[in-house]
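Structural features, examined
Spelled out from the first residue to the last, the chains are:
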Amino acid sequence: MNRNDITEMIIGAKIAKGIKWADVATQIGLSKEWVTAACLGQMALDAKQAAIIAETFELPPEAVAILQAVPYKGSLPTAVPTDPLIYRFYELISVYGTTFKELIHEEFGDGIMSAIDFKMDLQREANPMGDRVSITMSGKFLPYKTY
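Right, let's walk through the structure included here. (Residues numbered from 1 in each chain as written. Predicted model: local features only at pLDDT ≥ 70, side-chain atom pairs only at ≥ 80, totals over all residues. Heavy atoms only, no water.)

Some thoughts on the nonpolar core
Ile10, Val24, Cys39, Ile53, Phe57, Leu59 and Leu67 are the most contacted members of the largest nonpolar core, which totals 19 residues. Taken together, the elements giving at least two residues each to this core come down to helix H1 (3-17), helix H2 (21-28), helix H3 (32-39), helix H4 (47-56) and helix H5 (63-68). With four residues, the top contributor of residues to this core is H2. (Core = buried A, V, L, I, M, F, W, Y, C linked by side-chain atoms within 4.5 Å. Buried < 20%, exposed > 50% of the residue type's maximum accessible area, 1.4 Å probe, protein only. Helix = DSSP H or I, 4+ residues; strand = E, 2+ residues; numbered from the N terminus.)

Written as structure tokens, this is what we have:
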């Protein structure tokens with residue numbers, strides 16, 4: 001059994017049981033964004049969190065240890081995503097990536113926005129012209145250092 005097998009079991013159980021990511025996040029006590037990433041194999045859980053996930057999704061006992069292992073990050077199967085929703089994020093970066101880079105450098109200097117010291121909030125935003133997806137991302141600025 002490997003992490004991908006566990007991810008597939010989690011997704012299968014989620015569908016079969018009608019589980020919502022937000023409900024799992026409430027059980028864990030963390031954001032739905034982080035918990036979803038962890039359940040999809042992109043974050044390591046601690047022992048207590050892994051036990052809750054295993055119980056919630058009725059995983060085999062050996063899954064608890066695997067859920068605690070540091071994963072290989074990067075879940076996309078291709079360099080250019082083919083899933084339409086994920087592709088739109090790729091398109092967003094293709095169009096606005098240089099704008100993000102320019103504005104961050106202008107505001108903060110030469111460096112990056114961390115995806116490690118990071119948080120995200122995804123919300124539905126009601127709109128009479130069609131509901132909107134609102135995503136707020138916040139990452140610590142890490143300046144490049146001279147040496």
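There is more to say, and it comes next.
Observations regarding the pattern of salt bridges
Overall, the coordinates contain four salt bridges when judged by the stated rule. Lys17 serves as the salt-bridge partner of Glu58, at 2.8 Å between the closest nitrogen and oxygen. On the criterion of sequence distance, the pair formed by Glu58 in the loop between H4 and H5 and Lys17 in helix H1 is long-range, its members being 41 residues apart. Relative accessible area serves as the criterion here: at 60%, Glu58 is assigned to the exposed category. Owing to a relative accessible area of 40%, Lys17 belongs among the partly exposed residues under this scheme. Residue Arg88 is joined to Glu91 by a salt bridge in which the shortest nitrogen-to-oxygen separation is 3.7 Å. Of the two residues, Arg88 and Glu91 are both situated in helix H6 (residues 84-108); the distance of three residues between them amounts to about one turn of the helix. (Salt bridge = Lys/Arg side-chain N within 4 Å of Asp/Glu carboxyl O.)

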